[in-house]
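Examining the three-dimensional arrangement
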Amino acid sequence: TQGEDNSSEFITKYRTCRRQMRECSGEADHHEGMSSDDELTPTEVTEFQKSKDNVLEDSRKVFEDVHADFCDIRKILLKFQEWKEKFPDSYCDAYISFCLPKLLNPLIRVQLIHWNPLEQNFTELEEMPWFRAIKEFSDAKNISESK
């Protein structure tokens, strides 16, 4: 196909350019097959880091105008727990268990923007505050259902 031909042609030209640059700079210790087409130039790395920092900065502002009771997963789940305990029939009729994933999704996604499982010291999902809050809510839900 046309897209694959262009991509293959680009990679070949890129490799040729890199080889010529190595030859001009006198890099004698290069071994064929030891370089990658995925290597980024310092400019690309800098641009990527700048874009990443901008996204992270913007993500901190997403819920800045929202009252704390409505952007803290633990507080939201506490309200639902209270509703379930005080008005179990109403809670059940509202199909809350189906609504919670959609309700919590944006809050969780914002918290996951900075998460990178490929970093050496990344936080396990199970250790994240939102995960623990949901687990505690689920455990409390299971305990109250077994009574």
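The sections below set out a description of the structure shown in this document. (Residues numbered from 1 in each chain as written. Predicted model: local features only at pLDDT ≥ 70, side-chain atom pairs only at ≥ 80, totals over all residues. Heavy atoms only, no water.)

Let's shift gears to the nonpolar core. Of all hydrophobic cores here, the largest spans 14 residues; its most connected members are Ile73, Leu77, Phe80, Tyr91, Leu100, Leu104 and Phe137. The set of elements that each furnish at least two residues to this core consists of helix H3 (73–86), helix H5 (96–112) and helix H6 (129–146). Tallying contributions element by element places H5 first for this core, with five residues. Setting aside residues up to four positions removed in sequence, Tyr91 forms contacts with Phe80, Trp83, Lys84, Ile96, Leu100 and Phe137. (Core = buried A, V, L, I, M, F, W, Y, C linked by side-chain atoms within 4.5 Å. Buried < 20%, exposed > 50% of the residue type's maximum accessible area, 1.4 Å probe, protein only. Helix = DSSP H or I, 4+ residues; strand = E, 2+ residues; numbered from the N terminus. Contact = heavy atoms within 4.5 Å.)

This part is about the pattern of salt bridges. Counting across every chain of the model gives four salt bridges. Across the pair Lys135 and Asp139 runs a salt bridge whose closest N-O atoms are separated by 3.4 Å. Of this pair, Lys135 and Asp139 are both found in helix H6, four residues apart, which corresponds to roughly one turn of the helix. Of the residues examined, Lys135 reaches a relative accessible area of 46% and is grouped as partly exposed. (Salt bridge = Lys/Arg side-chain N within 4 Å of Asp/Glu carboxyl O.)

Turning our attention to H3. Each turn of an α-helix holds 3.6 residues, which means side chains three or four residues apart point in the same direction. The terminal C-alpha atoms of H3, which comprises 14 residues, lie 20 Å apart, in line with the 20 Å expected from a rise of 1.5 Å per residue. Listing the buried residues of H3 in full gives Ile73, Ile76, Leu77, Phe80, Gln81 and Lys84. Looking down the long axis of H3, one finds its buried residues gathered within 140 degrees of arc, a one-sided arrangement. Along H3, the residues that are exposed and aim more than 90 degrees away from the buried face are Lys79, Glu85 and Lys86. Near the N-terminus of H3, the side chain that reaches the backbone nitrogen of Arg74, with its oxygen 2.9 Å away, is that of Asp72. (Expected span 1.5 Å × (residues − 1). Arc of directions from axis to C-beta. Polar contact = N/O pair within 3.5 Å; in protein donor to acceptor, adjacent residues only side chain to side chain.)

All told, the structure shown has five aromatic pairs when counted by the stated rule. Taking the centre distance of 6.0 Å and the plane angle of 40 degrees together, the rings of Tyr95 and Phe98 count as tilted. Taking relative accessible area as the criterion, Phe98 reaches 62% and is therefore assigned exposed. Measuring from ring centre to ring centre gives 6.2 Å for Trp115 and Phe122, while their planes differ by 70 degrees; the resulting arrangement is edge-to-face. (Phe/Tyr/Trp six-rings, centres within 6.5 Å; stacked < 30°, edge-to-face > 60°.)

Below, the discussion takes up unusual backbone geometry. Located in the positive-phi region is Tyr95, a residue other than glycine, with phi close to 55 degrees. For Tyr95, the location among the structural elements is in the loop between helix H4 (88–93) and H5.

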